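# A structural walkthrough
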Amino acid sequence: MKKINRRQFIKRSLTTTAGAYLGLSSLNVSPAYSANNEIRVAIIGMGVRGGQHTPDFQNIDGVNIVAFCDPDRQRLNRHIEEFKKKYSR
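Along the backbone of the chain there are three helices and two strands. Along its sequence from the N terminus, the chain presents helices and strands in the succession α-β-α-β-α. Out of the 89 residues belonging to the chain, those deemed buried represent 16%. A fraction of 53% describes how many contacts in the chain between residues 6 or more apart in sequence connect residues 24 or more apart. Here the chain displays about 7700 Å² of accessible surface, and carbon together with sulfur accounts for 56% of that area.

Here it is in structure tokens:
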């Protein structure tokens, strides 16, 4: 069995999910609302890459960031405040 890295796994997962969604939507079937209509994301590590994930996920309909985690409290608090200013509704 061929091993895949994390990026390959995520890419394949997103491709499969998008394909399944597009296949379902092409049937012109309006599925009932369910918990599967919303994706909840927790971002762990608010460094360079984690900080880049926030705007990426916030700009996708149906995706909600529900938690941040970082062992550096100052960086975590700074990121939370920036998030509140930019995305509070």
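Attention now moves to the pairing of strand β1 (residues 39–44). As defined by bridge partners, β1 adjoins strand β2 (residues 63–69) across six bridges and the pair is classed as parallel. Counterpart to Arg40 in the pairing with β2 is Asn64. This β-α-β element, β1 to helix α2 (residues 48–58) to β2, shows right-handed connectivity.

The next thing to look at is the pattern of salt bridges. For the structure shown, the criterion picks out three salt bridges. For Asp70, the salt bridge is made with Arg75, and the minimal N-O distance between the two is 3.6 Å. Two residues, Glu81 and Lys84, come together in a salt bridge whose shortest N-O distance is 3.9 Å. With a gap of three residues between them, Glu81 and Lys84 both fall in helix α3 (residues 73–87), about one helical turn apart.

Turning our eyes to something else, we now look at α2. Those residues of α2 that fall on the buried side of the exposure criterion are Gly50, Thr54 and Gln58. The arc that holds the buried residues of α2, viewed along the axis, is 65 degrees, so those residues lie on one side.

Our next topic: α3. Along its 15 residues, α3 runs 21 Å from first to last C-alpha, staying within 8% of the 21 Å computed at 1.5 Å per residue. You can read the cap of α3 off the contacts: a side-chain oxygen lies 3.1 Å from the backbone nitrogen of Gln74, and it is on Asp72.

A few words now on the nonpolar core. Grouped together as the largest cluster of nonpolar side chains are nine residues: Val41, Ile43, Met46, Val63, Ile65, Phe68, Leu76, Phe83 and Tyr87. Those residues in contact with Leu76 that sit more than four places away from it in its chain are Met46, Phe68, Cys69 and Asp70.

The grouping of Ile4, Phe9, Ile10 and Leu14 at the surface amounts to a nonpolar patch, some 380 Å² of accessible area in total. If you trace the backbone, Phe9 turns up in helix α1 (residues 6–25). Residue classification places Phe9 among the partly exposed positions, given a relative accessible area of 49%.

Parameters at a glance
Residues numbered from 1 in each chain as written. Predicted model: local features only at pLDDT ≥ 70, side-chain atom pairs only at ≥ 80, totals over all residues. Heavy atoms only, no water. Helix = DSSP H or I, 4+ residues; strand = E, 2+ residues; numbered from the N terminus. Buried < 20%, exposed > 50% of the residue type's maximum accessible area, 1.4 Å probe, protein only. Contact = heavy atoms within 4.5 Å. Areas by Shrake-Rupley, 256 points an atom, 1.4 Å probe, with all protein chains shown as cover. Pairing = 2+ DSSP bridges. Right-handed = clockwise from strand over helix to strand, strands pointing away. Salt bridge = Lys/Arg side-chain N within 4 Å of Asp/Glu carboxyl O. Arc of directions from axis to C-beta. Expected span 1.5 Å × (residues − 1). Polar contact = N/O pair within 3.5 Å; in protein donor to acceptor, adjacent residues only side chain to side chain. Core = buried A, V, L, I, M, F, W, Y, C linked by side-chain atoms within 4.5 Å. Patch = residues over 30% accessible without salt bridge, like charges linked within 9 Å, V, L, I, M, F, W, Y side chains within 5 Å.

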